[in-house]
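In case you want the letters, here they are:
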Amino acid sequence: MRDSGFMVRPMMRSYINLPVIYCLVSAFLFGASTPVAKRLLSSFGPFTLAGLLYLGAAIATFPMAFHGGSAELRRDPRQRRMLLMAVIFGGGVGPVLLLLGLRSASAASVSIWLNLETVATTLLAWALFHEHLDRRTVLAVFVVLLAGVLLAAPSGPSGLVSGCLIALACVCWGLDNNLTALVSGFTPAQTTVVKGVLAGAVNLVIGVFVEGSPAVGTMMLVAIVVGALSYGASILLYILGAQQLGASRSQLLFSTSPFLGMLLSWLLLGEPILAVQLVAAALMLVGVILMLSARHAHEHTHEDIAHTHSHRHDDGPEVTFQELINRHGKAL
């Protein structure tokens, strides 16, 4: 009996894949942000809530911001300009547009629309940085856009307005993804802290003037904690998983986050399950799988840039922490 018990524990450990768990928990936390933010909008305006969420993300990642990066590259004016643009679009404008769209749309529909970020990132990489765009990627873009229009159409003008706001937010994050891919002197934790502090503080100040001073209390603490978990802890867990799994596999796992957000919207908020959401989600899933498979089916040629590298343990090429974050399309 002792011997059999001794043999069970290694076998059980072999079935526990911690990197996969890290990526799935990261996807869950990020997906949960949409339905929870929908509920928080009853207590805060879009600017105020965006500020609180991103300040929470900065608090969560602050302890990790003292490690890594390159001081020499951080002194490069070009690096700082790109980071500033990423802060403005990814940390400032994008979250407010998302919350404005979320205010008048169901959280389930917004969760599905967030797949547009992958499309925006890909198209901007092609337009601005001459990334390769093959037929499979073009087909994926068409399928995802078709799903987005299909989801917005039944709701009439209000649905189209919400869909456009979410699409614009995804464009902001797509630009953020492409810019931060080039900001190699900063680690993801450092860029998250900068975005959280600068963009969060600016949005919070705007919120005070436009929406009124928020009540200091439990709901403010909840908003900060949500930001810390969904935007701060999520990115750190993704890094832990991606170090072991590699960019493509971790990205595939994280791509479940919008669908988890849709499911949580039905369960937590009691939103009705609509047939159009199921059809749009299925189309989005096909489009995302096509895009991810196309993205890793060929090699990219990039401009030579100095990078600060960290190691991962898979059979793919070495990538930086920053590249891991930007390849899976999750902007902060």
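Scroll up to find the structure this text is about.
Here's what I pulled together on the structure shown here. The model shown is predicted, which means the values in this text are computed figures rather than measured ones. (Residues numbered from 1 in each chain as written. Predicted model: local features only at pLDDT ≥ 70, side-chain atom pairs only at ≥ 80, totals over all residues. Heavy atoms only, no water.)

Let's talk about the packing of aromatic side chains
The geometry of two aromatic rings is summed up by the distance between their centres and the angle between their planes. Test applied: For Phe, Tyr and Trp, rings pair up if their centres lie within 6.5 Å, where Trp contributes its six-membered ring, and each pair is then called stacked (planes under 30 degrees apart), edge-to-face (over 60) or tilted (otherwise). By definition, any uninterrupted DSSP run of H or I lasting at least four residues is a helix, any uninterrupted run of E lasting at least two residues is a strand, and each is numbered from the N terminus. Working definition: with a 1.4 Å probe on protein chains only, accessible area under 20% of the residue-type maximum means buried, over 50% means exposed, and in between means partly exposed.
With the rule as written, the count across this model stands at four aromatic pairs. Aromatic pair Phe30 and Phe254: ring centres 5.5 Å apart, planes at 40°, arrangement tilted. Residue Phe30 is located in helix H2 (residues 18-40), and its partner Phe254 is located in helix H12 (residues 247-254); the two are separated by 224 residues in the primary sequence. Of the residues examined, Phe254 reaches a relative accessible area of 4% and is grouped as buried. Each ring, one from Tyr54 and one from Tyr231, has its centre 5.3 Å from the other, and the planes form 45°; the classification is tilted. With Tyr54 in helix H3 (residues 46-61) and Tyr231 in helix H11 (residues 218-245), the pair connects residues that are 177 residues apart, well separated along the chain. Side by side, Tyr54 and Tyr231 carry an identical accessibility label, which is buried. Among the aromatic residues, ring-to-ring pairing joins Phe30, Tyr54, Tyr231, Tyr238 and Phe254 into one connected group.

Looking at the side chain of Thr61
Let me state the cut-off plainly: The definition of a polar contact used here is a pair of N or O atoms within 3.5 Å, where within protein one atom must be able to donate a hydrogen and the other to accept one, and adjacent residues in sequence count solely through side-chain atom pairs. Contact between two residues is taken to exist if any of their heavy atoms lie within 4.5 Å; hydrogens are not considered.
If you trace the backbone, Thr61 turns up in helix H3. Within the structure, Thr61 has its side chain in polar contact with the backbone oxygen of Ala57 (distance 2.9 Å). Ignoring anything within four residues of it in the chain, the contact list for Thr61 reads Ala189, Thr192, Val193, Gly232, Ile235 and Leu236.

Quick look at the nonpolar core
We count it as follows: Here the nonpolar core consists of buried residues drawn from Ala, Val, Leu, Ile, Met, Phe, Trp, Tyr and Cys, with membership extended through side-chain atoms lying within 4.5 Å.
Ranked by size, the top nonpolar core spans 55 residues in total, and within it Leu49 and Trp113 carry the most contacts. Per-element tally for this core: the top contributor is H11, with seven residues. What Trp113 contacts, discounting residues up to four positions off in sequence, is Ala105, Gly148, Leu151, Ala152, Gly159, Ser162, Gly163, Ile166, Cys170 and Met284. By size, the runner-up hydrophobic cluster in this structure holds 11 residues, among which are Met82, Leu83, Leu124 and Val183.

Description of the environment of Thr187
Tracing the backbone through its elements, the reader meets Thr187 in the loop between helix H9 (156-180) and helix H10 (188-211). Residue Thr187 is classed as buried on the basis of its relative accessible area, which comes to 13%. Remark: the alpha-carbon pair of Thr187 and Met64, spanning 123 residues in sequence, is separated by 9.1 Å.

Remarks on the packing of helix H7 (residues 116-129) against helix H8 (residues 135-152)
Angle between the axes and distance between the axes: these two values describe a pair of packed helices. The criterion, for reference: Every axis in this analysis is a line fitted to C-alpha atoms, fitted for helices over the stretch in contact. Angles between the N-to-C directions lie between 0 and 180 degrees. Each angle gets one of four labels, with under 35 degrees taken as roughly parallel, over 145 as roughly antiparallel, 65 to 115 as roughly perpendicular, and the rest as oblique. By convention the crossing between two helices is left-handed if the near helix lies anticlockwise of the far one by an angle smaller than a right angle, and right-handed if it lies clockwise.
Contact geometry of H7 with H8 gives a least axis separation of 10 Å together with a crossing angle of 140°. It follows that H7 is oblique to H8 by the angle criterion. For the pair H7 and H8, the sense of crossing is left-handed. Here Leu116, Val119, Thr122 and Leu123 of H7 lie close against H8, whose contacting residues are Thr137, Val141, Val144 and Leu145.

Concerning the state of the cysteines
Short version of the rule: Two cysteine sulfurs form a disulfide in these notes if their separation is within 2.5 Å.
Applying the stated criterion to the full structure yields zero disulfides. With no disulfide of its own, Cys172 lies 9.2 Å from the sulfur of Cys170, the closest cysteine sulfur.

Description of H2
Put simply, the rule is: Given the number of residues in a helix, its expected span is that number minus one, multiplied by 1.5 Å. To obtain the bend at a residue, axes are fitted to the seven residues ending there and to the seven starting there, and the angle between these axes is taken.
In this model, H2 (23 residues) spans 32 Å end to end at C-alpha, consistent with the 33 Å of a helix rising 1.5 Å per residue. Its axis deflected by about 30° at Thr34, H2 carries its strongest bend there, up to four residues before the proline Pro35.

Here's the deal with the environment of Val276
Structurally, the position occupied by Val276 is in helix H14 (residues 275-295). On a C-alpha basis, the gap between Val276 and Ala152 in space is 9.2 Å, while along the polypeptide they are 124 residues apart. Apart from residues lying up to four places away in sequence, Val276 is in contact with Leu150, Leu151 and Pro154.

Details of helix H13 (residues 257-269)
Taking 1.5 Å of rise per residue, the 13 residues of H13 would be expected to cover 18 Å, and the 17 Å separating its terminal C-alpha atoms lies within 8% of that figure. Residues of H13 that are buried: Ser257, Pro258, Phe259, Gly261, Met262, Leu264, Ser265 and Trp266. Just downstream of H13, Gly270 is the residue with a positive phi angle, here 70°.

Here we look at the packing of helix H5 (residues 77-103) against H10
Worth spelling out the cut-off: Classes in brief: Ala, Val, Leu, Ile, Met, Phe, Trp, Tyr, Cys and Pro nonpolar; Asp, Glu, Lys and Arg charged; the others, Gly included, polar.
One way to put it is that H5 packs onto H10 with a least axis distance of 9 Å and a crossing angle of 55°. With respect to each other, H5 and H10 are oriented oblique. Regarding H5 and H10, the two cross each other, and that crossing is right-handed. On H10, the residues touching Leu83, Ala86, Val87, Gly91, Gly92 and Val96 of H5 are Thr191, Val194, Lys195, Leu198, Ala199 and Asn203. Residue composition of the contact of H5 with H10, by class: seven nonpolar, four polar and one charged.

Section: a nonpolar patch on the surface
The criterion, for reference: To count toward a patch, a residue needs a relative accessible area over 30% and no salt bridge; like charges are then connected within 9 Å, while nonpolar side chains (Val, Leu, Ile, Met, Phe, Trp, Tyr) are connected within 5 Å. Reported accessibility uses the Shrake-Rupley method at a 1.4 Å probe radius. Residues are deemed covered only where the shown protein chains occlude them. Take a side-chain nitrogen of Lys or Arg and a carboxyl oxygen of Asp or Glu: if they are within 4 Å of each other, that pair is a salt bridge.
A surface patch of nonpolar side chains, about 570 Å² in accessible area, is lined by Val202, Val205, Ile206, Val208, Phe209 and Val210. Tracing the backbone shows Val205 in helix H10. By relative accessible area, which is 46% here, Val205 ends up partly exposed.

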